[in-house]
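Spelled out, the chains give:
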Amino acid sequence: MSFMKGLMRGAMAAAMITGGALAAQAQEVTLKLHQFLPPQANVPKLVLDVWADKVEADSDGRIKIDRFPAMALGGKPPELIDQVTDGVADIVWAVNGFTPGRFPRTEVFELPFMVSDARAASSAYWQMFETHMKDTDFRDVKVLGTWVHGPGMLHTKRPVEEPSDLNGMKIRGGSRMVNQLLELLGATPIGMPVTAIPEGLSKGVLDGTTIPWEVTGALKVPELVNNHTEFEGPAIYDLTFVMAMNKAKYESLPDDLKAVIDANSGLEFSIFAGGVMQDMDGPARQVAVDRGNNIITISAEDAKTWEELARPVYEQWIADVEGNGIDGQALIDEARSLMDAYDGQ
């Protein structure tokens, strides 16, 4: 069942709350949703606003969601999870990689050449959240959605057709794992928020960046670089996201409003969100095509060379999480199994 179909159950779920809940129905709640991108970017416009509007409608206006884009409540993107944990914000959308190592189990989907399809990976991520992360990585928050973006790729000033072409390049890496891979390939990984990429490219701080097609338009990347390297099959990297709510705020809601939040969150919402990000890759790619930029596609056969070079990243990650009592290889096997089993529903 699609997320949009699933959303229709929200009003039904709320309507079924009767009896003792009637006394609570007068309660109105305003929730602050905080995130790091400008409001016109794809995720705020096509995912977060859709979710918030539906929650407001399903609650008959008793829930109001104030949206604060581009860190309007203050702080920096890596502080979002602390903000929702501490109650500075009621809901946040955040990149788990903003705080490397804090959510170790999510990193299984950020390993190089792990993810091919955002919907399949977002589905697997939610299922593994429920079994492995709910009471561990995310025990301090109420998680509403877990998803990944479409295939990550390279956008560079000089063409990258084979691994050695990255030697000496300064590349903004999208995750801890892809930074390790970039270093193995002779590049210099540069850490910076996604919103700082345009300035980094224009001032020569960066020779390139790893991001999916979807966000290139908002960041004007096709105007700042002429070369784009994508991969057939699994992507060179992917990022995991979480949409989380302050636990105490959620628990303070009357049962019928909790039902509205719950009906609009979870597996179907996660697949929807990841799918939206992936679906926006195509239009963004077309912008680069129309500009006459150089688009390099690494074949599945040639990508095997890259995948072999990424093997030490897997070995290092498995060793790292083992120190936290986590069986990394088991998580890898489970994630792949769940992604392979995804039936597109």
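Since the structure is predicted, the reported quantities are computational estimates derived from the model, not experimental observations.

**Student:** What is the right way to look at the side chain of histidine 228 in this model?
**Tutor:** Here histidine 228 is to be found in strand β9 (residues 227-231). For histidine 228, a relative accessible area of 0% gives the class buried. In terms of polar contacts, histidine 228 uses its side chain to reach the side chain of histidine 155, at 2.9 Å. Excluding its chain neighbours within four sequence positions, the residues that come into contact with histidine 228 are Met153, Leu154, His155, Trp213, Pro222, Ala288, Asn293, Asn294, Ile295 and Ile296.

**Student:** Explanation requested: the pattern of salt bridges in the structure shown.
**Tutor:** Pairing between side chains becomes possible if they bear opposite charge and their charged atoms approach one another. Taken as a whole and judged by the stated rule, the model has 17 salt bridges. Among the salt bridges present, the one from arginine 176 reaches glutamate 107, with a minimum N-O distance of 2.8 Å. Of this pair, arginine 176 sits in helix α6 (residues 176-184) while glutamate 107 is found in the loop between β3 (91-95) and α5 (118-133), placing the two residues 69 residues apart along the sequence. Residue classification places arginine 176 among the partly exposed residues on the basis of a relative accessible area of 25%. Overall, the relative accessible area of 4% leaves glutamate 107 in the buried class. Across the pair lysine 142 and aspartate 262 runs a salt bridge, and its minimum N-O distance is 3.5 Å. Taken together, the residues lysine 142 in strand β4 (residues 141-148) and aspartate 262 in helix α11 (residues 255-263) connect sequence positions 120 residues apart. Looking at aspartate 262, the relative accessible area reads 35%, which means it is partly exposed.

**Student:** Before we go on, may I ask you to explain the sheet that holds strand β7 (residues 188-190) in this structure?
**Tutor:** Sheets are built from strands that pair by backbone hydrogen bonding, the pairs being arranged parallel or antiparallel. Taken in spatial order, the 6 strands of this open sheet run β7-β6-β8-β5-β9-β11, and their pairing is mixed. Strand pairing shows two members of the sheet lacking a second neighbour, β7 and β11 (294-298), which therefore form its edges. Here the average twist between neighbouring strands, direction ignored, is 25°. Direction of pairing for strand β5 (residues 152-156) relative to β9: antiparallel, over a ladder of 3 bridges. Following the sheet pairing, threonine 156 is matched in β9 by asparagine 227. Contacts between helix α13 (residues 281-290) and the sheet are confined to β8 (208-212), β9 and β11, with β11 contributing the most and set at about 130° to the helix.

**Student:** Teacher, can you tell me more about the packing of aromatic side chains here?
**Tutor:** Any aromatic ring pair is given by two values, namely how distant the centres are and how the planes are angled relative to each other. A full pass over the atoms with the stated rule returns 14 aromatic pairs. Arranged with centres 5.0 Å apart and planes meeting at 85°, the rings of phenylalanine 231 and tryptophan 306 form a pair that is edge-to-face. Residue phenylalanine 231 is located in strand β9, and its partner tryptophan 306 is located in helix α14 (residues 300-309); the two are separated by 75 residues in the primary sequence. Classification of phenylalanine 231 by relative accessible area gives buried; the value is 10%. The ring of tyrosine 250 carries lysine 142 above its face, with NZ or CZ at 4.4 Å from the centroid. When the ring centre of tyrosine 250 is taken as origin, the NZ or CZ atom of lysine 258, which lies over that ring, is 5.7 Å away.

**Student:** Explain the pairing of β5 to me, please; I cannot follow it from the model alone.
**Tutor:** Along any regular strand, the residues point their side chains to alternate faces of the sheet. Most of β5 is tucked away, with 5 of its 5 residues classed as buried. Across 5 bridges, the pairing between β5 and β8 is antiparallel. Residue pairing across strands places threonine 156 opposite glycine 208, the latter belonging to β8.

**Student:** Any chance you could explain the environment of leucine 206 here in plain terms?
**Tutor:** With respect to the element layout, leucine 206 can be found in the loop between α7 (197-202) and β8. Taking the C-alpha atoms as reference points, leucine 206 and arginine 139, 67 residues apart in sequence, are found 37 Å from one another.

**Student:** Is there a simple way to explain the sheet that holds strand β2 (residues 63-68) in this structure?
**Tutor:** Across the sheet, 5 strands lie side by side as β2-β1-β3-β10-β4; this open sheet has mixed pairing. Two strands lie at the open edges of the sheet, namely β2 and β4, each paired on one side alone. On average, adjacent strands in this sheet sit at an angle of 20° to one another, irrespective of strand direction. Inspection of the sheet shows strand β1 (residues 29-34) paired to β3 by 2 bridges, in the parallel sense. Residue pairing across strands places histidine 34 opposite valine 92, the latter belonging to β3. Contacts between helix α3 (residues 42-58) and the sheet are confined to β1, β2, β3, β4 and β10 (240-246), with β2 contributing the most and set at about 160° to the helix.

**Student:** How do you make sense of the environment of leucine 257 when you look at a structure like this?
**Tutor:** Within the secondary structure, leucine 257 is located in helix α11. According to the relative accessible area criterion, leucine 257 is buried, its value standing at 1%. Expressed as a C-alpha distance, the spacing of leucine 257 and glutamate 315, which sit 58 residues apart in the sequence, is 45 Å. Leaving out residues up to four positions away in the same chain, leucine 257 has contacts with Gln27, Val29, Ser59, Arg62 and Ile63.

What counts, and where the lines are drawn
Residues numbered from 1 in each chain as written. Predicted model: local features only at pLDDT ≥ 70, side-chain atom pairs only at ≥ 80, totals over all residues. Heavy atoms only, no water. Helix = DSSP H or I, 4+ residues; strand = E, 2+ residues; numbered from the N terminus. Buried < 20%, exposed > 50% of the residue type's maximum accessible area, 1.4 Å probe, protein only. Polar contact = N/O pair within 3.5 Å; in protein donor to acceptor, adjacent residues only side chain to side chain. Contact = heavy atoms within 4.5 Å. Salt bridge = Lys/Arg side-chain N within 4 Å of Asp/Glu carboxyl O. Pairing = 2+ DSSP bridges. Axes fitted to C-alpha atoms, helices over the stretch in contact; angles between N-to-C directions. Phe/Tyr/Trp six-rings, centres within 6.5 Å; stacked < 30°, edge-to-face > 60°. Lys NZ or Arg CZ within 6 Å of the ring centre and 35° of its normal.

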